[in-house]
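# What the coordinates show
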Amino acid sequence: MARTAFTLTGDKELARQLAALGNAARGQAMKNALVSGALLVANEAKTNAPYLTGNLRRSIHVGGEGTEGSTTGTDIGGQKIGRDYVEVLVGTNVEYAAPQEFGFTFEDENGVNHHVEASPYLRPALESTRGEVGREIVGALRALLRRAVTT
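What you are looking at is a predicted structure, and each value in this text was computed from that prediction instead of being measured. (Residues numbered from 1 in each chain as written. Predicted model: local features only at pLDDT ≥ 70, side-chain atom pairs only at ≥ 80, totals over all residues. Heavy atoms only, no water.)

Helices and strands together make up the secondary structure of the protein, namely five helices and six strands. Ordering the α and β elements of the protein from the N terminus gives α-α-α-β-β-β-β-α-β-β-α. Here the protein holds 151 residues, and 28% of them are scored as buried. For the protein, restricting intrachain contacts to residue pairs at least 6 apart in sequence, the fraction spanning at least 24 positions comes to 50%. Surface summary for the protein: the accessible area is close to 10200 Å², and the carbon and sulfur share equals 54%. (Helix = DSSP H or I, 4+ residues; strand = E, 2+ residues; numbered from the N terminus. Buried < 20%, exposed > 50% of the residue type's maximum accessible area, 1.4 Å probe, protein only. Contact = heavy atoms within 4.5 Å. Areas by Shrake-Rupley, 256 points an atom, 1.4 Å probe, with all protein chains shown as cover.)

See the structure below:
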């Protein structure tokens, strides 16, 4: 059986850079890249959201941490980081956000049903920014990886 041997010069430096690449593409760094793309969706959703008092627009966030049970839109959860995945949410938790997005039916005091048409703002924001979001995330990841191998 033939044997093949080779020598890799700079193998310790290469190993360090490869380890840095793996670490850079995980956890908090990946979350930061996704948040940069998600902010584009949130900003577009704020532009699209129907306006009466401005509360719905102000309540749209990326992830978010607020008072549990709050209906001000600041506590939407998200930003989960696992070993091989990162999840970032865009949205709001104001109680009338979903009815605005999807429409709703209600019964008045006389028992008559009324249907209110949807005024979608979040789904169109995602669709209209899809390509830009992808480019933003890729750009942010490239910058993270570049920093990882040069430090």
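Within the largest apolar cluster, 22 residues are counted, with the highest numbers of intra-cluster contacts made by Leu-56, Ile-60, Val-62, Val-88 and Tyr-121. Put simply, the parts of the chain that give this core at least two residues each are helix H2 (27-48) and helix H5 (122-150). Among the elements that take part in this core, H2 stands out by supplying seven residues, more than any other. (Core = buried A, V, L, I, M, F, W, Y, C linked by side-chain atoms within 4.5 Å.)

Here we take up the environment of Leu-40. Along the chain, the position of Leu-40 falls in helix H2. Judged by relative accessible area, Leu-40 falls into the partly exposed class, the value being 23%. Distance in space between the C-alpha atoms of Leu-40 and Val-62 is 9.6 Å, their sequence separation being 22 residues. Not counting residues within four places of it along the chain, the set of residues in contact with Leu-40 comprises Thr-129, Glu-132, Val-133 and Glu-136.

With 22 residues, H2 ought to run about 32 Å at 1.5 Å a step, and its terminal C-alpha atoms sit 31 Å apart, in line with that. Here H2 has its buried residues at Gly-27, Ala-29, Lys-31, Ala-33, Val-35, Ser-36, Gly-37, Ala-38, Val-41, Ala-42 and Ala-45. (Expected span 1.5 Å × (residues − 1).)

Attention now goes to the environment of Glu-127. Position of Glu-127 among the secondary structure elements: in helix H5. Along the backbone, Glu-127 and Val-41 are 86 residues apart, and their C-alpha atoms lie at a distance of 8.8 Å. Among the polar contacts listed, one links the side chain of Glu-127 to the side chain of Arg-130, at a separation of 2.5 Å. (Polar contact = N/O pair within 3.5 Å; in protein donor to acceptor, adjacent residues only side chain to side chain.)

The subject of this paragraph is the pairing of strand E6 (residues 113-116). Where strand E5 (residues 104-107) meets E6, four bridges bridge the pair, whose relative direction is antiparallel. In the strand pairing of E6, Phe-104 is matched with Val-116. In sequence, E5 turns back onto E6 through a hairpin of five residues, with Gly-111 there showing a positive phi of about 80 degrees. (Pairing = 2+ DSSP bridges.)

So, about the pattern of salt bridges. Inspection of the entire model under this criterion finds two salt bridges. In this structure, the salt-bridge partner of Arg-130 is Glu-127, at a minimum N-O distance of 2.5 Å. Taken together, the positions of Arg-130 and Glu-127, both in helix H5 and three residues apart, correspond to about one turn of that helix. Looking at Glu-127, the relative accessible area reads 52%, which means it is exposed. (Salt bridge = Lys/Arg side-chain N within 4 Å of Asp/Glu carboxyl O.)

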